[in-house]
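Coordinates in review
One letter stands for each residue in the lines below.
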Amino acid sequence: MRRFVVLGQRATASPGFSLDNLPASSGRLDVLLRCLRAALLVSHGLRRDTVVYLVLLGGPEAPRTVRVEGATAQFVRPDERSLAVMVQKALAAPREGQGFVARRHGIAIADGGLDAVIADLGPSVPYLLEEGAPDLREVALDTADPVFFLGDHLGVDEVTRARLAALGAAPVSVGPVSVHADDAIVLVSNELDRRAPR
Ligand SMILES: C[S@@+](CC[C@H](N)C(=O)[O-])C[C@H]1O[C@@H](n2cnc3c(N)ncnc32)[C@H](O)[C@@H]1O
């Protein structure tokens, strides 16, 4: 199973954002939605072997995390507005239970941020996607159960970086150029696709 954890430092955990002005009204949730598309959607389908966590650390209801599982997700469309509606509906549902609570097919939400994600991961090998780190083409990458943590447009803060280091996350880069978070995901997925036995 491939997992991607996108850390939205200001991405809103409340549903009251405007679909007509997503970047300005949502703490750049749009960045995370593009990551969701990049991780989960391929031409004419979903990556059934992939799980995406959007960690929403912005606004008065934070932290909350939306989890989307490719294995069971349905009606996931590639355009940002549709993805925003999907996340908005998940955030609008009443808060209940502990850990990840299912909202609809393949979509679940937790009251909590990074700790809720870590508790949910199960057996996995953690990596931190980071500019300037060793190239993932030159490390012994786990292709069975990797989990990749990455930042939003603001990157990853020092406290989170320390938490991930304590978890044993190995920093890796996708090349010498700092790219957008969703592009980093595409490059990782492509690398895993190339290494997957056919
Ligand atoms: C747009 S970048 C963040 C830029 C931000 N200004 C900073 O300095 O961290 C968003 C995220 O994509 C990932 N990323 C971007 N370029 C990368 C690269 N070359 N290798 C690995 N990860 C990368 C990192 O996780 C980064 O936090």
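Heads up: the structure comes first, above all this text.
Presented here is an overview of the structure given in this document. Per chain, residue numbering runs from 1 following the sequence as it is written. Reporting in this predicted model follows two pLDDT cut-offs: at least 70 for local features of residues, and 80 or more for side-chain atom pairs to be given and counted; totals over whole chains, interfaces and linings ignore these cut-offs and use all residues. Side-chain calculation: all heavy atoms of the structure are included, whereas hydrogens and water are not.

Observations concerning the site of the ligand
Definition of nearness: a residue and a molecule or strand are near each other if at least one heavy atom of the residue lies within 4 Å of the molecule or strand. Around the ligand lies a shell of 18 residues, among which Leu129, Asp152, Val174, Val177 and Val179 are the nearest. Note that a nitrogen atom of the ligand is positioned 3.4 Å from one of the backbone N or O atoms of Glu130. Counted as a polar contact is a pair of N or O atoms within 3.5 Å, where, for protein atoms, one must be capable of donating a hydrogen and the other of accepting one, and residues adjacent in sequence contribute only when both atoms are in side chains. Between the ligand and the protein, one listed contact pairs a nitrogen atom with a backbone N or O atom of Gly175 at 3.2 Å. Alone, the ligand offers 570 Å² of accessible surface; in the complex the protein occludes 79% of this. Residues are called lining when one of their atoms sits within 4 Å of a cavity or pocket point, these points coming from a 1 Å grid over the protein atoms alone, where a cavity is a set in which a 1.4 Å probe fits but cannot get out and a pocket is an open set with protein on both sides within 12 Å along at least five of seven lines. Placement in a cavity or pocket follows one criterion, namely that more than half of the molecule's atoms lie within 2 Å of its grid points. Most atoms of the ligand, that is more than half of them, are within 2 Å of grid points of the largest pocket. Only runs of H or I of at least four residues qualify as helices and only runs of E of at least two qualify as strands under DSSP, and these elements are numbered from the N terminus. Secondary-structure elements contributing two or more residues to the shell around the ligand are strand 9 (146-151) and helix 6 (181-195). Any residue that is not Ala, Val, Leu, Ile, Met, Phe, Trp, Tyr, Cys, Pro, Asp, Glu, Lys or Arg is counted as polar, Gly included; the first ten are nonpolar and the last four charged. Of the residues in the shell around the ligand, the class split is nine nonpolar, six polar and three charged. In these tables, accessible area is a Shrake-Rupley quantity obtained with a 1.4 Å probe, and a residue counts as shielded only by the protein chains included in the view.

Quick notes on the layout of surface pockets
Taken as a whole, the largest pocket encloses approximately 420 Å³ of empty space. Lining the largest pocket are 24 residues, and of these Glu131, Gly151, Asp152, Val179 and Ala181 lie nearest its centre. Of all the elements in the fold, those that place two or more residues in the lining of the largest pocket are helix 2 (29-40), strand 8 (125-129), strand 9 and helix 6. Of the residues assigned to the lining of the largest pocket, the class counts are ten nonpolar, seven polar and seven charged. Grid points are joined across faces, edges and corners, and a volume is the space filled by probe spheres set on the points.

Some details on the packing of aromatic side chains
Any pair of Phe, Tyr and Trp rings, taking the six-membered ring for Trp, is counted once the centres come within 6.5 Å. Such a pair is stacked with planes under 30 degrees apart, edge-to-face with planes over 60 apart, and tilted for the rest. Throughout the structure, instances matching the rule amount to three aromatic pairs. A ring pair is formed by Tyr53 and Phe100, whose centres lie 5.7 Å apart and whose planes are at 65°; its orientation type is edge-to-face. Residue Tyr53 is located in strand 4 (residues 50-58), and its partner Phe100 is located in the loop between helix 3 (80-92) and strand 6 (101-104); the two are separated by 47 residues in the primary sequence. Ring pairing ties together the aromatic residues Phe4, Tyr127 and Phe148, which thus form one cluster.

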